[in-house]
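Architecture and fold: a report
Take a look at the letters that make up each chain.
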Amino acid sequence: MDSHHPSPEYSSLLLAGPRAGALKQAHARLVVTGHSRSLPLITKLATLAVAAGAAPLLSAALPFSSFTFTAVAKACADLSAIRTGTAIHTHSILLGFGSDRFVLTSLLVLYSKCGQLGVARKLFDSIRDRSVVAWNAMISGYEQNGLAERGIEVYKEMQAAKVVPDSMTFVATLSACAQAGALDLGREVEKRIVSERMDISVFLGSALVNMYARCGVVDKARRWFDALQERNVVTWTSMIAGYGMHGHGHEAIKLFHLMRREGPPPNHITFIAVLSACAHSGLVMEGRDAFACMKRIYGLVPRVEHYCSMVDMFGRAGLLDEAMQFISDYMPGEPGPEVWTAVLGACKMHKNFNLGVEVAERLIALEPENPSYHVLLSNIYALSGKMHHVEKVRNTMIKRRLKKQIGFSLIELGGISHLFRMGEMSHPQTTEIYQYLEELIHRISAAGYIPETESVLHELEEEEREGALRYHGEKLAVAYGLMMSVGSTTPIRVIKNLRICGDCHLAIKFMSAVENREIVVRDKHRFHHFKVGKCSCLEYW
DNA sequence: TTAGGGTTAG
């Protein structure tokens with residue numbers, strides 16, 4: 001600025017003088033005309049503001065920079081303060097930072113942490129010359145919000161755009177693969193990491209262990225675990241959880257003991273993994289021990305998840321009385337729906353209908369609009385043969401317009417995912433698939449398979465009841481996988497978004513035997529490894 | 001000097 005010829009802005013400040021109201025107007029003018037970052041102008045403004053006794057004006061007048069916005073946006077993201085964050089976003093545009101890529105990336109993160117993926121994606125698309133950081137933030141944004149497939153798409157777009165990935169790209173993408181069960185892509189990423197001789201940080205190492213564990217290749221996960229230079233609590237927890245998820249409870253406990261001897265101290269999440277592993281393998285004594293040492297040795301106060309796991313463990317083992325006792329003796333406060341769901345699961349498993357109905361009704365009273373509780377109640381009624389009650393629950397659901405989640409199964413062949421809903425007809429090879437499935441059902445029936453008709457009663461929609469069992473998505477997906485790989489020995493891998501039903505579980509056991517193929521199904525919560533007519537879950541699901 | 005990361009389960 002030429003001090004001999006004051007600019008109009010400078011003049012307007014002089015004109016305003018030490019008067020708060022006039023200074024506010026002058027400041028607004030600076031902002032609007034884009035001079036709010038001019039140090040001489042701001043200094044003059046500050047001097048006059050102090051003279052006017054209007055110091056609070058000052059903080060608002062401090063010069064803004066991209067640093068200000070990234071710092072504040074990050075703070076908002078950490079606090080999930082979306083309202084303040086949105087205000088910051090507006091300010092950044094008004095003050096001329098609307099296309100700053102640092103600011104835009106930090107806002108992208110803010111919106112994705114607050115679950116607003118649509119806005120995050122718009123910001124991402126608006127960034128010119130996106131840095132690798134922006135790409136990574138978008139991939140992990142989708143992944144963290146449960147939209148792993150979208151994250152994978154972004155990774156593929158990134159490859160197509162020839163952006164050079166860094167280790168964080170791989171960490172985020174591996175996490176997306178783990179969530180989506182995209183083993184093929186996970187392996188591809190692993191190949192890149194290895195061939196580029198990338199430094200395997202503890203983050204990247206944990207991501208690899210986690211990917212293999214959650215994609216159903218536990219031994220490969222363990223090989224990575226053993227090969228890592230550095231392991232932290234997350235690495236250990238991923239591996240233990242991996243064992244638990246696959247029904248290898250003893251391995252999980254063994255690793256947990258090793259961790260206690262020579263690893264980092266376990267945390268809350270480690271204990272959830274350990275307790276769940278015990279619950280799914282019938283290791284009640286080991287679970288009790290773990291729960292006790294959690295408080296006594298590690299000073300960790302059990303949370304509702306831990307209580308749930310304990311109840312779940314007792315329940316699965318058929319110790320319903322102990323489960324109820326545990327709730328009343330140990331759980332502080334009123335037990336919430338999570339705990340009752342665990343009890344209900346046990347009632348269903350061990351055919352304790354009276355307690356089951358009581359608990360289900362209690363759950364519906366707690367959350368009347370939650371469709372899954374109605375489904376559970378109807379399952380209990382169906383199991384106990386009270387068909388008129390099943391019908392009643394069904395009618396309630398229709399009246400309240402409660403829909404249960406639509407199930408689907410995925411199978412990945414040659415890097416392409418094929419999706420099957422129940423009775424799926426849109427696949428180009430539909431006719432062949434159904435024909436193959438029919439033959440398969442014929443052969444497993446000859447081997448002794450009898451459909452579990454009670455499962456069909458769980459289906460609440462009218463159209464689903466018509467021969468529904470026969471054409472569940474998982475059966476179609478498995479049939480497709482088998483049909484497309486006759487003569488091969490590689491396992492068939494299917495991912496399902498809900499829990500597998502009893503009938504499909506039985507049918508796939510038979511399929512694994514008559515086709516002599518290993519079939520791996522990942523359902524909403526666990527893995528089922530079917531091999532020569534047996535499943536790794538040992539019916540503990 | 002600014003922006004991005006790995007874990008549980010129902």
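Source: prediction; values computed, not measured.

**What about the sheet that holds strand β1 (residues 408-413)?**
The strand order β2-β1-β3-β4-β5-β6 describes an open sheet built from six strands, whose pairing is mixed. The open sheet has two edge strands, β2 (416-421) and β6 (534-535), and neither has a second partner. As judged from the six bridges shared by β1 and β2, these two strands associate in the antiparallel manner. Following the sheet pairing, I411 is matched in β2 by H418. Docked against the sheet, helix α28 (residues 473-484) engages β1, β2, β3 (492-496) and β4 (519-522), running at close to 15° with respect to β1.

**Looking at the protein's contact with DNA strand B**
Taken together, the neighbourhood of DNA strand B is formed by 39 residues, with N136, Q144, N232, I272 and H525 sitting nearest. A breakdown of the atoms of DNA strand B within 4 Å of the protein gives sugar and phosphate a share of 42%. The contact in question runs from a base oxygen of DNA strand B to an N or O atom on the side chain of T70, over 3.4 Å. When residues of the surface near DNA strand B are traced back to their parent elements, those giving at least two are α5 (66-79), α7 (101-113), α9 (132-144), α11 (167-180), α13 (202-214), α15 (233-245), α17 (268-279) and α19 (304-316). Of the residues in the surface near DNA strand B, the class split is 12 nonpolar, 20 polar and seven charged.

**With respect to helix α12 (residues 183-195)**
Compared with an ideal rise of 1.5 Å per residue, which puts 13 residues at 18 Å, α12 spans 18 Å between its outermost C-alpha atoms and is within 8% of the ideal. Of all the positions in α12, only L183, L185, G186, V189, E190 and I193 are classed as buried. An end-on view of α12 places all buried positions within 160° of arc, on one side of the element. Exposed and oriented more than 90 degrees from the buried face of α12 are K191 and S195. For α12, the elements touching its buried residues are α10 (148-160), α11, α13, α14 (218-227), β1 and β3. The positive-phi residue at the C-terminal boundary of α12 is R197, with phi of around 50°.

**Some points on the side chain of K509**
Here K509 is to be found in helix α29 (residues 502-514). The residues touching K509, leaving out its near neighbours within four places in the chain, are F530, G533, K534, C535 and E539.

**Topic: the side chain of H505**
The topology assignment puts H505 in helix α29. Within the local environment of H505, its side chain forms a polar contact with the side chain of H528, the two groups lying 3.3 Å apart.

Calculation rules
Residues numbered from 1 in each chain as written. Chains lettered and ligands numbered in written order. Predicted model: local features only at pLDDT ≥ 70, side-chain atom pairs only at ≥ 80, totals over all residues. Heavy atoms only, no water. Pairing = 2+ DSSP bridges. Helix = DSSP H or I, 4+ residues; strand = E, 2+ residues; numbered from the N terminus. Contact = heavy atoms within 4.5 Å. Axes fitted to C-alpha atoms, helices over the stretch in contact; angles between N-to-C directions. Near = heavy atom within 4 Å. Polar contact = N/O pair within 3.5 Å; in protein donor to acceptor, adjacent residues only side chain to side chain. Nonpolar A, V, L, I, M, F, W, Y, C, P; charged D, E, K, R; others polar. Expected span 1.5 Å × (residues − 1). Buried < 20%, exposed > 50% of the residue type's maximum accessible area, 1.4 Å probe, protein only. Arc of directions from axis to C-beta.

Keep in mind these numbers describe shape, not what the thing actually does.
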